[in-house]
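# Inside the fold
Chain by chain, the residues run as shown.
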Amino acid sequence: MNTTLMLTLAIMGLSGCSNDSADGAFDSGGLLEGFDPRASLQLDVQPPGATGLLPQRRTLTPMEYGQFISFDLAPTVTISGALSAHVAYTWGANAPTKLQAIDATIQTLHAEVPAVTVLVDSEEGTDSTAWTLSAPAASGYTLAVVPTGATGPLYVQALDLRVSQSLTLELPGGYPVYGRVTGTDGAPVPSAPMRLVYDDGNSGASVRSAAFLTDSTGWFTTWVADPGDYRLETVAGPAGATLIPALSTDVSVGEEGAAADIQIGAPVSSGIIGKVVDDDGQPIADARVRIRSTRLDGCPGSYDLDSVTSPEGTFYLEALPGGYVLEIIPPYGRQDSPVRRDIVIGEVLSQLGSLALSAPQPLSGTITADGQPQAGVFLTATATDFGNYSYSTTTDSKGRYALNLPGGNYAIQLTPPAGSSWAITRRNQFTSTDAVLPFSSGTPIEGVLTDPAGEPVAFSLVEIKTVDETVLGRTISGEDGSFSMNVEIPVLFDEDDTGGNNTDTGGDTGGDTGSDTGGDTGGDTGSDTGGDTGGGSDTGR
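A short tour of the structure in this document, coming up. (Residues numbered from 1 in each chain as written. Predicted model: local features only at pLDDT ≥ 70, side-chain atom pairs only at ≥ 80, totals over all residues. Heavy atoms only, no water.)

## Side note on the pattern of salt bridges
Scanning the entire structure with this criterion turns up 20 salt bridges. Note that Glu469 and Arg57 form a salt bridge whose closest N and O atoms lie 3.1 Å from each other. Here Glu469, found in the loop between strand E41 (461–466) and strand E42 (471–476), pairs with Arg57, found in strand E3 (residues 56–60); they are 412 residues apart in sequence, far enough to count as distant. Judged by relative accessible area, Glu469 falls into the partly exposed class, the value being 37%. The salt bridge partner of Arg231 is Asp199, with a shortest N-O separation of 2.8 Å. Taken together, the residues Arg231 in strand E19 (residues 228–234) and Asp199 in strand E15 (residues 193–199) connect sequence positions 32 residues apart. A cluster of three or more residues bridged by salt bridges with shared partners is formed by Asp44, Arg57, Glu463, Lys465, Glu469 and Arg474. (Salt bridge = Lys/Arg side-chain N within 4 Å of Asp/Glu carboxyl O. Helix = DSSP H or I, 4+ residues; strand = E, 2+ residues; numbered from the N terminus. Buried < 20%, exposed > 50% of the residue type's maximum accessible area, 1.4 Å probe, protein only.)

Written out as structure tokens, the structure reads:
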């Protein structure tokens, strides 16, 4: 059954439409015919450290929803060995090499097992470096070795890791990927940052090399251990007096290596200058200012850049001429409304003047169930028209809540208190007055966790997530290894469909009672392995 919650809302400036569709047991609606992987859920388990077991994942298909799940956790196995590489000293298919120890990142990648990473630091004058890592036993792994700098080739191999083993890695001299970066006028672009990428179909991860630079004449050389299909990327940012857009080109590496020249367009840069203020005209320091290109004039690729305002609220960003989306996000601790606008950057500096961020607006009300106020309900409002920023609070003993929100459209998430049988419930949008929202009774997901000896695994964190990592439910396994929760199964829509319950609100967020938490929950999805460890998500304002 569904328990109806009454939210009495008081807010100006929020718009949208309510969704009062009924919830209930999951109906596959034909999903099992020609099964769409987006309809699957992920069962993630984090065992206690004392068990010696590592985090593990199992994919659930719709036919398993509502069924009892026995999850036999895999034992932990260890792989260890020595790492060295034949480092090339010139470019070419038959370049001379020298065997030596190298610095590198070694990582195991798997479609259903969290990545495990170890950093290898070599000692000068040695031929190899010892390394070891532990992972859940499984077949179907990919082992990736990403040398630091240009000390060796990018290396990837399939790995069956069902038992502990030793593995000596002696990377070959490899196959060169070389070329030149120039502008449209043919002038070389020195110090242009670049990376080589291997998209691993086995694990679904992208393995990125460490960044390397073009030389003073625009030439570059990097190495791969095996022939195959790769991607060559430029890293957006300044290269001397030139701004480099983000470009990507496919490279097929054969027995003789591969040549790949890149033309970045005219080396012309301009930029924008402005000031961020509040409703009263006072400067806002440390506001985040970012631009994302929608087109570049006379230049392929894309250009993205972030900065922060000075103590006087001013900002300056160099950029390539073209069309951009400008976003201004208030710093943590402020509740001003973020700003997004389209801008055009020409070949001369663009003066934007003062950009005002409006004050937030109050949202308050009471959550009741069957006429009774509900304490401890975690309410999250997530902006649907700007950056997925989320704001959250917990109802007090009388079921009351209060938030300050920037104007806009919001999705709502209601997370019941611990021990409740209700499911985490999401709705696309809600209106500004007296909206009635049902708390979904959800679909039961229950089962038991056992270790390799068949014994129950108690006190493990168990989470149910969508394929894009949105948390639908969370619990702790009991002393007998059992777990049980109700989850609201998202409705699967095609990309051009709208409405329904298919709302991703950034996952199950947490926070202190009465607190406002903002954050950009975007960022890189999937697993990126490589020398640059940037990316990820921004979780605060």
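Let us keep going from here.
## Some words on unusual backbone geometry
Although it is not a glycine, Ser191 sits at a positive phi angle of roughly 60°. Locating Ser191 in the fold gives a position in the loop between strand E14 (175–182) and E15. Residue class for Ser191 comes out partly exposed when judged on its relative accessible area of 37%. Unlike most non-glycine residues, Glu469 shows phi in positive territory, near 75°.

## Looking at the packing of aromatic side chains
Tallied over the full model, the rule gives three aromatic pairs. Pairing Phe212 with Phe220 gives two aromatic rings, centres 6.1 Å apart and planes at 35°, and the pair type is tilted. On the basis of relative accessible area, Phe220 is assigned to the buried category, the value being 3%. (Phe/Tyr/Trp six-rings, centres within 6.5 Å; stacked < 30°, edge-to-face > 60°.)

## Details of the side chain of Glu463
Tracing the sequence through the fold places Glu463 in strand E41. A distance of 2.7 Å separates the side chain of Glu463 from the side chain of Arg474, its partner in a polar contact. If sequence neighbours within four positions are ignored, Glu463 has contacts with Gln42, Leu43, Asp44, Val471, Gly473 and Arg474. (Polar contact = N/O pair within 3.5 Å; in protein donor to acceptor, adjacent residues only side chain to side chain. Contact = heavy atoms within 4.5 Å.)

## Notes on the nonpolar core
Of all hydrophobic cores here, the largest spans 28 residues; its most connected members are Leu83, Ile106, Trp131, Val145, Leu169 and Leu171. Of all the secondary-structure elements, those providing two or more residues to this core are strand E5 (76–88), strand E7 (104–110), strand E8 (113–120), strand E9 (129–136), strand E10 (138–147), strand E11 (155–161) and strand E13 (169–171). Among the elements that line this core, the one with the most residues is E5, at five residues. Contact partners of Val145, with chain neighbours within four places excluded, come to Leu83, Ala104, Thr105, Ile106, Pro153, Leu154, Tyr155, Leu169 and Leu171. The next biggest cluster of nonpolar side chains, apart from the first, holds 27 residues, and it includes Val156, Val181, Leu196 and Ala205. (Core = buried A, V, L, I, M, F, W, Y, C linked by side-chain atoms within 4.5 Å.)

## Section: the sheet that holds strand E27 (residues 304–308)
Pairing is antiparallel across the open sheet formed by four strands, whose spatial order is E27-E26-E29-E30. Edge positions in the sheet fall to E27 and strand E30 (339–345), since each of these pairs with one other strand and no more. Within this sheet the neighbouring strands show an average axis-to-axis angle of 20°, counted without direction. Direction of pairing for strand E29 (residues 322–329) relative to E30: antiparallel, over a ladder of seven bridges. (Pairing = 2+ DSSP bridges. Axes fitted to C-alpha atoms, helices over the stretch in contact; angles between N-to-C directions.)

The quantities given are spatial measurements derived from coordinates; they are silent on function.
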